[in-house]
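What the coordinates show
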Number of protein chains: 2
Amino acid sequence: MTSREQHDRLANAIRILSMDAVEKAKSGHPGLPMGAADIATVLYTRFLKYDPKDPHWPDRDRFVLSAGHGSMLIYSLLYLSGYESINLDDIKSFRQLNSRTPGHPENFMTFGIEVTTGPLGQGLGNAVGFALAERHLAAQFGSEVVDHYTYVLASDGDLMEGISHESIGIAGHLKLNKLIVFWDDNRISIDGPISLSDSTDQVARFIAHGWNAERIDGHDPEAIAAAIERAQNSDKPTLIACRTTIGFGAPEKAGTSSVHGSPLGAATIEGARKAFGVDLPAFGIPDDVLSAWREAGLRSQDAHAEWKKRAEALDSSKKAEFERRNRAELPESLGGAFDKLKDSLFSAPKEVATRKSSEIVLDAIADHLPELLSGSADLTPSNNTKVKAFTEVAPGDYAGRFVHWGIREHGMAAAMNGLAQHGGIIPVSGTFLVFSDYCRPSIRLAALAGIHSIFVFTHDSIGVGEDGPTHQPVEHLAALRAIPGLMVFRPCDTVETAEAWEIALRTEGHPSVLALTRQNLPQLRLEAAQADTTARGAYEIRSAEGEAKVSIFASGSEVSLAVEAKAKLDAAGVPTRVVSVPCMELFFQQDETYRAKVIGTAPVRIGVEAALRLTWDAIIGSDGGFVGMDSFGASGPANEVYEHFGITSDAVVAMAQERLGR
Amino acid sequence: MTSREQHDRLANAIRILSMDAVEKAKSGHPGLPMGAADIATVLYTRFLKYDPKDPHWPDRDRFVLSAGHGSMLIYSLLYLSGYESINLDDIKSFRQLNSRTPGHPENFMTFGIEVTTGPLGQGLGNAVGFALAERHLAAQFGSEVVDHYTYVLASDGDLMEGISHESIGIAGHLKLNKLIVFWDDNRISIDGPISLSDSTDQVARFIAHGWNAERIDGHDPEAIAAAIERAQNSDKPTLIACRTTIGFGAPEKAGTSSVHGSPLGAATIEGARKAFGVDLPAFGIPDDVLSAWREAGLRSQDAHAEWKKRAEALDSSKKAEFERRNRAELPESLGGAFDKLKDSLFSAPKEVATRKSSEIVLDAIADHLPELLSGSADLTPSNNTKVKAFTEVAPGDYAGRFVHWGIREHGMAAAMNGLAQHGGIIPVSGTFLVFSDYCRPSIRLAALAGIHSIFVFTHDSIGVGEDGPTHQPVEHLAALRAIPGLMVFRPCDTVETAEAWEIALRTEGHPSVLALTRQNLPQLRLEAAQADTTARGAYEIRSAEGEAKVSIFASGSEVSLAVEAKAKLDAAGVPTRVVSVPCMELFFQQDETYRAKVIGTAPVRIGVEAALRLTWDAIIGSDGGFVGMDSFGASGPANEVYEHFGITSDAVVAMAQERLGR
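Residues numbered from 1 in each chain as written. Chains lettered and ligands numbered in written order. Predicted model: local features only at pLDDT ≥ 70, side-chain atom pairs only at ≥ 80, totals over all residues. Heavy atoms only, no water.

If you look chain A up in an unreviewed UniProt entry, it shows as Transketolase from Terrihabitans rhizophilus. Under Function (unreviewed entry), UniProt gives the following word-for-word description of chain A: "Catalyzes the transfer of a two-carbon ketol group from a ketose donor to an aldose acceptor, via a covalent intermediate with the cofactor thiamine pyrophosphate." Listed under Subunit (unreviewed entry) in UniProt, the entry text for chain A is "Homodimer." (UniProt positions renumbered as here; feature names shortened; annotations may be inferred.)

This is how it looks when you write it as structure tokens:
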């Protein structure tokens, strides 16, 4: 048998499993796995560094299936190459409830999947993060323990989505030369031929962004191998445009949009199996083909063993640090750094914007937490995410701890998810809260996949002032709080900001948002002896003298306004308490006793937030009072805008008095 | 005086007004207006077709300031060229509350502003819509009445944002040759030199997307004029990369990031005024310069008069139709088409998915509503937004009524906003509800600016089934309902879908979302004699026999589930009513009497929606019961996924019984 014939038999095993699984599930996408089987086979049998026995090997090559709808490709690869996470029964349970083989690859369901993909373009964006993580960690720990490639399989859709622009722009700029993208150039989309909607010269496009790019026949294994070798030796990231036939091997249907997202049907499958020269029942792979695949899966055993030796031989403190980082375990000194910071705040309170508070926190912890990799989408002076300890990541120089992402919120957030999923890094970023909309699909995936990304969003309300309604978030807090599993912090002062940061850092497996002000705020937390704090999501920050008649609930910049209103109400003989609500997600996780205690029994409940009411009903009740926004904002000096929309302590007092019937 | 000297004096007038207005406001962005003043001056004094006396002239050239932060550029241009919407006092009120000169251009505040910009990339995306609108209307009404250019001024940020990729991709593909983009290539961003974050060859990039592109000196008026002439004669859209100095004319600060977003300060301003040779107090423009500008503003008077003649000379039915379209007045026959459709539904009920219902509606109204321009982001067979009457828009052939947008949700939504703002067109689009996140910034701007775009989002819940949590929206209804002024419809059957469509079409000045199912639903509305309907936002669709003990509130696919639960509860002797809630936004606009009537007095209230509870508290009360989602979904057959998450009529019955204490 020629090596080409052997290659074809291995590739056809992917095709068989894919078409059979989709057929059995009665839904799914056979077109991509069949079309890209040759690329995947060359990669997994000749190039990719991986160990099916240890899917978490830190220095494995990463393979990202950005075109997540082709999930049967990766499930086939994992099964064939010998990962324990996927057996033949799993393949037969494709797209069934609670299976390890859901419709799109979910890394939290299945070991061996690097990242959850499906929403197009995200995987490519994640891969930029993987590739940057590799360069950054290699700069920190040395190429003897960090030296791997990141491979991506991207579809037309991945390259048409806007996020691809942001991702390839920053990758090209930073010269992430170990990033290798296969474009499955099958010229078919759901609507029909790609020529219906696109005429981009992708190779020229990538070259314009500082990439290598070349075209090959995506069904020619030697062409694929040669292109990978060239890519591996390049000083730039590489696009390999692989001309393929979607649904390769499916008689008559191959090359048409009908194979993209539907089962092939019994007749076509029979024809395909015949063309593949396999006379076995559904899911049947010739024994020698499976053996050859399993052998290929062992290809990197020696490399893995060598790597272990090198990792063992690291200088002992470096070794301990490398292992700590890979275990995602925070350094012991971090707690002390936070304690020291909070002590200093109690002894010398600060009246600063919470974006500045966040900078103070970062400054205090930066040296204790080398895994923090910060950045901003070209709002560095506004987001305050760059502190002295953070030098810059630059093309060819990856040791720095701050990334100038450019005006690329979506690409930044997707790359952060990759940085976090790589391991060894906690990514932090900055932009304005209103632009959380620009990266929302990546924030959602972070929450879905439990990714430890920390999104700093400053300029968090109409307090933005003159920039006006296009730049004033009013619905964004509600929209972000709506994402399951995302912790949205809106701290009221520097102490709460420090607490929010510590929780965000310590809560592995959850992304966090920090919503921070542009404008200065007084420090409200003045004593260490606070019974409950940010960790409980909401807590009484000012108690009533005597039995409370009014409870005011507020977050962020409106807590100080609530405290002002309390003083006025107290003076008017109305005992009032103030509850700070820095994180609703955490508050709703507390037990009922605690929640009831915090909500209290005062006859009047009022929520205050310079945003929409939406998320507050669960705290103030649907009959509670609310001082906030019910429209978009307006351009003007911030204090005037607050007055204009009636978000003032006087408005809170008036509402309380009215509700008390005075 | 040479023409160059005269040009400089005109351009410096923009610089003076911009720096002085920012200085007076103590905030704003002088850098761009000063850097791009030469481009704007050449355009407004020599090329742009406009009439300050009639900002709504349908065949005016469109100018879009995509870099909206440079708003003083457009305010200066409007004032100088003689628009009544901006006088010198308005300029002096820059960025003040309720002024016509807010921080970013808001077209709903100021005539002469084509579209609200500021969030980067949006204006470029809108401009693609303007340019397509022009070609489409020219194909429908003839070039004698529709023949204009669309000009854009874009910044580095506009070109770095992902949306720019989607926008230039479709514009290049469709050969929108009357779209001309000036790139203000000043090589400065907020963080510093653009080289910190980008090394893209923009000219090569645009060429890869099928554009013309060339580099010029953005301060050389003759080079600018020559480039515009070449662009006007091109068969492709054109990028003119204009090398400029940010803050041109500001001594020492020009060319640095310090002039981007801060006042220049008195000393720099004095130096600049001296360099401009103007010895006048702040806001002072030499009389002859203002006169020259005003004269330039009258340049197109003859063209406008000629156009009026041609418009008058149109064939009378075409003329009436052209005028009707420009008035955004719906045809009289539309009401009849809806009535006829609803009659047919009452006589022959349909059990179809609401995405199919929507197709039935489009089919019924397509011929009556030639202003509908539909499309899909490569999900045409799934979104059902293409009906027989809709032929395709293709490169060079713009008469069709359906756009294959490609996998470009964000570019599509931004272009729709441009199509709608152009006038004469009601844009409709399709993608999956989960991908509303990908175009959320454009949906927000549609709501903010009151743009009549209609977003069809199908596959609106866990009913998506096998595609799994990456493709199952759970938080999107809440997140969309959070956007002020956006009507989010989730109809329960074909009748409600028709009603939703009619309201969406008739509500000029508001965008709408139609959230539609993948799965089939029974028709619940069977009689014409329904007292209240979708127009009320929520209404009793099934009344209780006797005094209701239970009220069930539901939307979309869960209304039929609520009706099932009602039958079971009725059978168990629990009188139950069902309220359909197709549009919360409309319901909350009803008077208190109506709202109280619909909410009713039953002791048990239960909301049912296969989504998060968030928006329901205002209807069911924070103590109401809710059957829905509180996490992401899961991959599996749709009915099993519903069972898995306990969204069943039995669960509703059990909750009702429990709450009744049975």
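Once you've had a look at it, read on.
Quick look at the overall build of chain A
Helix and strand content of chain A: 27 helices and 20 strands. The C-alpha radius of gyration of chain A comes to 27 Å, within 12% of the 26 Å expected for a compact globule of 662 residues. In terms of its C-alpha atoms, chain A occupies a principal-axis envelope of roughly 95 × 55 × 45 Å. Within chain A, the fraction of its 662 residues that count as buried is 69%. For chain A, the proportion of contacts with a sequence separation of at least 24, taken over those separated by at least 6, is 77%. Accessible surface for chain A amounts to roughly 20,400 Å². Of this, 48% is attributable to carbon and sulfur atoms. With 63 positive and 86 negative side-chain charges, chain A shows a separation of 2 Å between the mean positions of the two kinds. (Helix = DSSP H or I, 4+ residues; strand = E, 2+ residues; numbered from the N terminus. Rg over C-alpha atoms; globule rule 2.2 N^0.38 Å. Buried < 20%, exposed > 50% of the residue type's maximum accessible area, 1.4 Å probe, protein only. Contact = heavy atoms within 4.5 Å. Areas by Shrake-Rupley, 256 points an atom, 1.4 Å probe, with all protein chains shown as cover. Lys, Arg positive; Asp, Glu negative; His and termini not counted. Charge placed at Lys NZ, Arg CZ, Asp CG, Glu CD.)

Observations concerning the sheet that holds strand 17 (residues 550-554) of chain A
Residues and elements named next belong to chain A. Taken in spatial order, the five strands of this open sheet run 16-18-17-19-20, and their pairing is mixed. Here the strands that pair on one side only, and so sit at the sheet edges, are strand 16 (539-542) and strand 20 (625-628). Between one strand axis and the next, the sheet turns by 30° as a mean value, whatever way the strands run. Relative to strand 18 (residues 576-580), strand 16 is paired through three bridges, and the arrangement is antiparallel. When the bridges of strand 18 are listed, Glu540 appears paired with Val579. The sheet contacts of helix 24 (residues 592-599) involve strand 16, strand 17, strand 18 and strand 19 (604-609), and relative to strand 18 the element is tilted by about 130°. (Pairing = 2+ DSSP bridges. Axes fitted to C-alpha atoms, helices over the stretch in contact; angles between N-to-C directions.)

A word on the UniProt feature "domain: Transketolase-like pyrimidine-binding" (unreviewed entry) in chain A
With numbering aligned to this structure, UniProt lists the feature "domain: Transketolase-like pyrimidine-binding" (unreviewed entry) at residues 352-523 of chain A. With 34% helix and 19% strand, the stretch residues 352-523 of chain A has end C-alpha atoms that lie 8 Å from each other.

What to know about the side chain of A:Ser382
All names here are of chain A. Mapping Ser382 onto the fold places it in helix 17 (residues 380-383). Exposure remark for Ser382: the relative accessible area of 16% places this residue in the buried category. When neighbours within four sequence positions are excluded, Ser382 is seen to be in contact with Arg355, Phe432, Thr458 and His459.

Brief notes about the relation of the copies chain B and chain A
Aligned on chain A, chain B shows an RMSD of 0.0 Å; the corresponding rotation is 180° and the shift along the axis is 0.0 Å. Both copies of the chain, as the preceding transformation shows, are related through a two-fold rotation axis. Every residue of chain B has its C-alpha some distance from the rotation axis, and the shortest such distance is that of B:Gly162, at 1.9 Å. A shared binding surface is used by both copies, with 100% of the interface residues of chain B retained as interface residues in chain A. (Least-squares fit on C-alpha atoms with pLDDT ≥ 70 in both.)

Brief notes about the packing of aromatic side chains
Aromatic rings considered in pairs are described by the distance between their centres and by the relative angle of their planes. Per the counting criterion, the structure on display carries 32 aromatic pairs over all chains. Judged by centre distance (6.4 Å) and plane angle (65°), the ring pair of A:Phe587 and A:Tyr594 falls under edge-to-face. For the ring pair B:Phe206 and B:Trp211, a centre distance of 5.0 Å and an interplane angle of 85° mean the geometry is edge-to-face. Exposure remark for B:Phe206: the relative accessible area of 0% places this residue in the buried category. For B:Trp211, a relative accessible area of 2% puts it in the buried group. Following the ring pairs from residue to residue traces out a cluster consisting of A:Tyr44, A:Tyr50, A:Phe63 and A:Tyr83. Sitting above the plane of the B:Phe402 ring, B:Lys386 keeps its charged end 5.8 Å from the centroid. (Phe/Tyr/Trp six-rings, centres within 6.5 Å; stacked < 30°, edge-to-face > 60°. Lys NZ or Arg CZ within 6 Å of the ring centre and 35° of its normal.)

Considering the packing of helix 15 (residues 333-347) of chain B against helix 21 (residues 494-506) of chain B
Residue and element names in this part refer to chain B. In the contact formed by helix 15 and helix 21, the axes pass within 10 Å of each other and the chain directions differ by 170°. Considering the angle they form, helix 15 stands roughly antiparallel to helix 21. Two secondary-structure elements touch here, helix 15 through Leu334, Gly335, Phe338, Leu341, Lys342, Leu345 and Phe346 and helix 21 through Thr494, Val495, Ala498, Glu499, Trp501, Glu502, Leu505 and Arg506. Along the lines of polarity and charge, the residues of the contact of helix 15 with helix 21 split into nine nonpolar, two polar and four charged. (Parallel < 35°, antiparallel > 145°, perpendicular 65-115°, else oblique. Nonpolar A, V, L, I, M, F, W, Y, C, P; charged D, E, K, R; others polar.)

Some remarks on the state of the cysteines
Overall, the coordinates contain zero disulfides over all chains when judged by the stated rule. Free of any disulfide, B:Cys583 has its nearest neighbouring cysteine sulfur in B:Cys492, separated by 13 Å. (Disulfide = S-S within 2.5 Å.)

Thoughts on the interface of chain B and chain A
Facing the 95 residues of chain B at the interface are 96 residues of chain A. Buried surface at the junction of chain B and chain A, both sides included, amounts to about 7,700 Å², of which 57% is carbon and sulfur. Per-residue buried area on chain B facing chain A is highest for B:Leu97, B:Tyr438 and B:Arg444; these three make up 10% of the total on that side. Where chain B meets chain A, there are eight salt bridges. For B:Glu475, the salt bridge identified is with A:Arg444, shortest N-O distance 2.7 Å. Linking chain B with chain A are 57 residue pairs in polar contact (both at pLDDT 80 or more), by the criterion used here. (Buried area = accessible area lost by both parts, 1.4 Å probe. Salt bridge = Lys/Arg side-chain N within 4 Å of Asp/Glu carboxyl O. Polar contact = N/O pair within 3.5 Å; in protein donor to acceptor, adjacent residues only side chain to side chain.)

Some thoughts on the pattern of salt bridges
All names here are of chain A. Here the structure, examined in full by the defined rule, presents 78 salt bridges over all chains. Between Arg230 and Glu214 there is a salt bridge; the shortest N-O distance is 2.8 Å. Within this pair, whereas Arg230 is found in helix 10 (residues 221-232), its partner Glu214 is found in strand 6 (residues 212-217), the two being separated by 16 residues in sequence. On the basis of relative accessibility, which here comes to 44%, the residue Arg230 falls in the partly exposed class. For Arg490, the salt bridge goes to Glu609, with nearest N and O atoms at 3.9 Å. Taken together, the residues Arg490 in the loop between strand 13 (487-489) and helix 21 (494-506) and Glu609 in strand 19 connect sequence positions 119 residues apart.

A short note on the pairing of strand 18 (residues 576-580) of chain B
Residue and element names in this part refer to chain B. Taken across its five residues, strand 18 has five buried, putting it largely inside the fold. Neither face of strand 18 is exposed, since Thr576, Val578 and Ser580 on one face and Arg577 and Val579 on the opposite face are all buried. Relative to strand 18, strand 17 (residues 550-554) is paired through five bridges, and the arrangement is parallel. Within strand 18, the position partnered with Ser551 by the bridge is Arg577. Remark: the strand 17/helix 22 (residues 557-571)/strand 18 crossover connection has right-handed handedness. (Right-handed = clockwise from strand over helix to strand, strands pointing away.)

Some thoughts on the side chain of B:Asp61
Residue and element names in this part refer to chain B. With respect to the element layout, Asp61 can be found in the loop between helix 3 (37-47) and strand 1 (62-65). No salt bridge is formed by the buried Asp61. Its closest oppositely charged neighbour is Lys49, at 4.7 Å. For Asp61, the side chain forms a polar contact with the main-chain nitrogen of Tyr149, separated by 2.8 Å.

Details of the sheet that holds strand 12 (residues 454-458) of chain B
Residue and element names in this part refer to chain B. Ordered in space as 10-9-11-12-14-13, the six strands form an open sheet in which the pairing is parallel. Strand pairing shows two members of the sheet lacking a second neighbour, strand 10 (402-404) and strand 13 (487-489), which therefore form its edges. Put simply, the sheet's adjacent strands are angled 20° from each other on average, direction ignored. Note that strand 11 (residues 426-432) and strand 12 share five bridges and pair parallel. Note that in strand 12 the partner of Val428 across the bridge is Ile454. In the packing of helix 18 (residues 409-422) onto the sheet, contacts are made with strand 9 (372-376), strand 11 and strand 12, and the angle to strand 11 comes to roughly 165°.

Here's the deal with empty space enclosed by the protein
Scanning the model with the defined rule gives ten cavities of 30 Å³ or more in all. The computed volume of the largest cavity comes to approximately 110 Å³. In this structure, the largest cavity is lined by 15 residues; those nearest its centre are A:Glu166, A:His410, A:Tyr438, B:His410 and B:Tyr438. At the level of elements, helix 8 (162-173) of chain A together with helix 8 (162-173) of chain B are the ones that each hand at least two residues to the lining of the largest cavity. In terms of residue class, the lining of the largest cavity is built from five nonpolar, four polar and six charged. (1 Å grid on protein atoms, 1.4 Å probe; cavity = no way out; pocket = protein on both sides within 12 Å on 5 of 7 lines; lining within 4 Å. Points joined across faces, edges and corners; volume = space filled by probe spheres on them.)

Regarding the nonpolar core
Counting 113 residues, the largest nonpolar core has A:Leu132, A:Leu179, A:Leu480 and B:Ile552 as its most contacted members. Residue contributions to this core peak at ten residues, all from helix 6 (residues 122-141) of chain A. Beyond its immediate stretch of four places on either side in the chain, B:Ile552 contacts B:Ala562, B:Ala565, B:Lys566, B:Leu569, B:Thr576, B:Arg577, B:Val578, B:Val579, B:Ile606, B:Val608 and B:Val652. Within the second largest apolar cluster, 111 residues are counted, among which are A:Cys492, A:Ile619, B:Ala127 and B:Val203. (Core = buried A, V, L, I, M, F, W, Y, C linked by side-chain atoms within 4.5 Å.)

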